[in-house]
Amino acid sequence: MSSTALADARPDHIPEAVTYDFDMYLDAGLLHDPHARVQELVREAPPVFWTPRNGGHWVVTGFKENYEASRDTEVYSSEIQPRAMIEMIRPMLPPDIGHLPLPTPINLDPPSHAIYRAPLQAAFSPRAMLARKDEIRELANALIDRVIDQGHCDFIPDIAEPLPVQVFLKMMGLPLDRMAEFRELVHEFMAPGEPWDALLRMRKVASAMGSEIEARRTEPRDDLLSLLWRSEIDGKPMTTELMEDFAVLLFIAGLDTVINGMGYGIRHIAANPEFQAELRADPKRIVEAAEELLRRYTFTVPTRRITRDVELGGAQLKAEERLMLFLPGADLDPREFENPGAFDLNRENNVHIAFGVGPHRCLGSHLARIELQVIYEQMLARLPEFRLDPSKGAKFHGGNIIAIDSLPLRWD
Ligand code: HEM
């Protein structure tokens, strides 16, 4: 965007000093080498800046500023699609569309947020997740079996995507033979689109689980859908609508995220043969490596709605503006991490915010960590040295998740 166009697009209350032209969906650098571009962004733009792209919004790249905004839920609301707005969109949708599920509790603010988060808390405890480790390892191995002899694979569609989809199906109590259908739903969900596309896609995801949700109401099993049916919300029994809201959140939060975490982690390990050899020789270091990989390649960008005029990191924000918690920038902020671009397993401060911070901090972090550790462990244990395919580069796309779509690998 030219400097005149930038100035024209800028609202009066936003000074030039905090304006920076950044398209979180289509920025060329982000699509080429995402975290190199994130570092450039942190260097070039103020820690809180306004971009005219995508309707105009704030982007927070500073660590301290992300921390502050994530914890102040009164000013920075997670109700980015309030029910009232959805009702405005409804007339544009097919009349028989029914309940439009909203991912719950990620779309709620305190105090109701805690009431809706409670039923999921026990299901995602570190103990409950650890109990799944062997099963996750088996699934990972079966996927590696399918590519090991061919000497190459595209890590994203071949391994990073089917693994969390299978874990999700098992946890929810959905049949594994519906894997292809659910992978298709993930693809559709991840594609760019308008706000109402998101609503329609969430409806589709809920419908795909509809018959299983209903079946568990009367015939519970040992799975998450049955556990949710048994839960009471604020003393009231569960409803089909709320079951759909929870199911949609678990689908979005549990699939699209882990796929990318695995992708960036394996990309780094493949691109750094010495580090790969060190990890292979000392697999105990995988736990800390997984953590530093999450910091170095943080990839989620949660959205907030500003509820009243406020100052953040030197910028004046106004009520009803949108703000992106650009966590990838926060974890590469030199004011927080010494030499943040270095990959260093021995860094003194490794407390990253890849899983967010504040009341919405990721509920699935224990599961995600196990999935990441297991895939690094098994790729290193089963394959000889693997490297990036020099003839085919990785592919990325932007948005609220800086995603990796393709990662061709080779081994001898
Ligand atoms: C590497 C993988 C993952 C990353 C980087 C990640 C990141 C995040 C982040 C940054 C948030 C906070 C969003 C916000 O503040 O608005 C969040 C929330 C959440 N995540 Fe994850 N996540 C991952 C995997 C998972 C998995 C496997 C699950 C489980 C199915 C999960 C379930 C959730 C849920 C339920 C929330 C909402 C919590 C709430 O609103 O109280 N996540 N995640």
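Just above sits the structure.
Each chain carries its own residue numbering, running from 1 in the direction its sequence is written. Under the rules for a predicted model, residues below a pLDDT of 70 receive no local features and side-chain atom pairs below 80 are neither given nor counted, while totals for whole chains, interfaces and linings still include all residues. For side-chain calculations, the full set of non-hydrogen atoms in the structure is used, while hydrogens and water are omitted.

**A look at the overall build of the chain**
- Within the chain, the regular secondary structure consists of 18 helices and 14 strands.
- C-alpha extents for the chain along the principal axes are approximately 60 × 55 × 35 Å.
- For the exposure calls, accessible area comes from a 1.4 Å probe over protein chains only, and a residue counts as buried if that area is under 20% of its type's maximum, exposed if over 50%, partly exposed in between. The buried share of the chain, reckoned over its 412 residues, is 53%.
- The criterion used for residue contact is that any of the two residues' heavy atoms lie within 4.5 Å. Of all intrachain contacts in the chain linking residues separated by at least 6 positions in sequence, the fraction that spans at least 24 positions is 71%.
- In the form shown here, the chain has an accessible surface area of approximately 18,300 Å², with 53% of it arising from carbon and sulfur atoms.
- We count Lys and Arg on the positive side and Asp and Glu on the negative side, and we leave His and both chain ends out. Lysine's charge is taken at NZ, arginine's at CZ, aspartate's at CG and glutamate's at CD. Each charge class in the chain can be summarised by its mean position, and for the 45 positive and 64 negative side chains these summaries are 3 Å apart. Strands are runs of DSSP state E lasting at least 2 residues, helices are runs of H or I lasting at least 4, and numbering of each runs from the N terminus. The method behind every accessible area is Shrake-Rupley, applied with a 1.4 Å probe, and residues are considered shielded solely by the protein chains displayed.

**Thoughts on the coordination of the iron atom of the ligand**
- Here a donor is any nitrogen, oxygen or sulfur atom (N, O, S) within 2.8 Å of the metal, with 3.2 Å used for Na, K and Ca; water is not among the atoms considered, so some sites may look incomplete. For the iron atom of the ligand, the protein contributes exactly one donor atom, Cys 362 (SG), at 2.3 Å.
- Along the chain, the position of Cys 362 falls in the loop between helix 17 (327-330) and helix 18 (365-382).

**Quick word on the packing of aromatic side chains**
- Pairs were defined over the aromatic rings of Phe, Tyr and Trp, the Trp ring being its six-membered one, requiring ring centres within 6.5 Å. Orientation was assigned from the angle between planes: stacked under 30 degrees, edge-to-face over 60, tilted for the rest. Applying the stated criterion across every chain yields a total of 13 aromatic pairs.
- Measuring from centroid to centroid gives 6.2 Å for Tyr 264 and Tyr 297, while their planes differ by 5°, and the two rings are stacked. Of this pair, Tyr 264 sits in helix 14 (residues 240-271) while Tyr 297 sits in the loop between helix 16 (286-296) and strand 7 (303-306), placing them 33 residues apart in sequence. Of the two residues, Tyr 264 and Tyr 297, neither departs from the other in class, the shared state being buried.
- Among the aromatic side chains, those forming a connected cluster through ring pairs are Tyr 20, Phe 22, Phe 49 and Phe 326.
- Either the NZ atom of lysine or the CZ atom of arginine qualifies as a charge over a ring when it sits within 6 Å of the ring centre and within 35 degrees of the ring normal. Between Arg 295 and the ring centre of Phe 337, over which it is positioned, the NZ or CZ distance is 5.2 Å.
- Stacked on the ring of Tyr 297, the Lys or Arg Arg 296 has its end atom at 5.0 Å from the ring centre.

**Considerations on the sheet that holds strand 7**
- In space, the five strands of this open sheet follow the order 1-2-10-7-3, with mixed pairing throughout. Each end of this open sheet is capped by a strand with a single partner; those strands are strand 1 (48-51) and strand 3 (76-77).
- Each axis is a line fitted through C-alpha atoms, and for a helix only the stretch in contact is used; angles between axes span 0 to 180 degrees, taken between their N-to-C directions. Sheet contacts for helix 4 (residues 63-71): strand 1, strand 2 (57-60), strand 3 and strand 10 (322-325); angle to strand 10, the most-contacted strand, approximately 120°. The criterion for strand pairing is that DSSP finds at least two bridges linking the strands in question.

**Brief notes about the pairing of strand 1**
- What you see with strand 1 is no split at all: Val 48 and Trp 50 on one side and Phe 49 and Thr 51 on the other are buried throughout.
- Relative to strand 2, strand 1 runs antiparallel, the two sharing four bridges. Looking at the pairing, Val 48 lines up with Val 60 of strand 2.
- Remark: five residues form the turn of the hairpin made by strand 1 and strand 2, two consecutive strands paired antiparallel; Asn 54 in that turn has positive phi of roughly 50°.

**Quick word on helix 3 (residues 34-44)**
- For helix 3, the complete set of buried residues consists of Pro 34, His 35, Arg 37, Val 38, Leu 41 and Val 42. The arc enclosing the buried residues of helix 3, seen along the axis, measures out at 150°, which places them on a common side.
- At its buried positions, helix 3 is contacted by helix 2 (28-32), strand 1, helix 14, helix 16, helix 17 and strand 12 (395-397). Within this analysis, the arc is defined by the directions that extend from the helix axis to the C-beta atoms.

**Looking at a nonpolar patch on the surface**
- The grouping of Tyr 25, Leu 26 and Leu 31 at the surface amounts to a nonpolar patch, some 280 Å² of accessible area in total.
- Mapped onto the elements, Tyr 25 comes out in the loop between helix 1 (3-9) and helix 2.
- Here Tyr 25 falls in the partly exposed class, since its relative accessible area comes to 35%. Here a patch means residues that are over 30% exposed by relative accessible area and free of salt bridges, tied together within 9 Å if like-charged and within 5 Å if nonpolar (Val, Leu, Ile, Met, Phe, Trp, Tyr). Just to be clear on terms, a salt bridge is a Lys or Arg side-chain nitrogen sitting within 4 Å of an Asp or Glu carboxyl oxygen.

**Quick look at the side chain of Glu 244**
- Along the chain, Glu 244 turns up in helix 14.
- Excluding residues within four positions of it along the chain, Glu 244 makes contact with His 99, Pro 101, Arg 203, Ala 206 and Ile 213.

**Points about unusual backbone geometry**
- The peptide bond linking Thr 104 to Pro 105 adopts the cis configuration, its omega dihedral lying at 15°.
- Turning to its location among the elements, Pro 105 is positioned in the loop between helix 5 (83-89) and helix 6 (112-121).
- Along the chain, Pro 110 connects to Pro 111 via a cis peptide bond; the corresponding omega equals 5°.
- Phi angles above zero are rare outside glycine, and Asn 54 is one such case at about 50°.
- Looking at the secondary structure, you find Asn 54 in the loop between strand 1 and strand 2.
- Asn 54 sits in the partly exposed class, given a relative accessible area of 35%.
- Here Asp 234, not a glycine, exhibits a phi torsion of approximately 55°, which is positive.
- For Asp 234, the location among the structural elements is in the loop between strand 5 (232-233) and strand 6 (236-237).

**Describing the pattern of salt bridges**
- Under the counting rule described, the total for this entry stands at 26 salt bridges.
- With a shortest N-O distance of 2.7 Å, Glu 161 and Arg 183 are connected by a salt bridge. Linking Glu 161 in the loop between helix 9 (155-160) and helix 10 (162-172) with Arg 183 in helix 11 (residues 179-190), this pair joins segments that are 22 residues apart in sequence.
- Linked through salt bridges whose partners overlap, the residues forming this network are Asp 27, Arg 37 and Glu 40.

**Topic: the site of the ligand**
- Put simply, a residue is near a molecule or strand once any heavy atom of it comes within 4 Å of that molecule or strand. Taken together, 25 residues form the shell around the ligand, and within it His 113, Arg 117, Arg 304, His 360 and Cys 362 come nearest.
- For this analysis, a polar contact is any N or O atom pair within 3.5 Å, provided that within protein one partner can donate a hydrogen and the other can accept it, and provided that sequence-adjacent residues contribute only side-chain to side-chain pairs. Residue His 113 places a side-chain N or O atom 2.6 Å away from an oxygen atom belonging to the ligand.
- Between Ala 253 and the ligand, the recorded distance is 3.4 Å, taken from a backbone N or O atom to a nitrogen atom.
- When contributions to the shell around the ligand are tallied by element, the ones reaching two or more residues are helix 6, helix 14 and helix 18.
- Here the shell around the ligand takes five residues from helix 14, the largest share from any one element.

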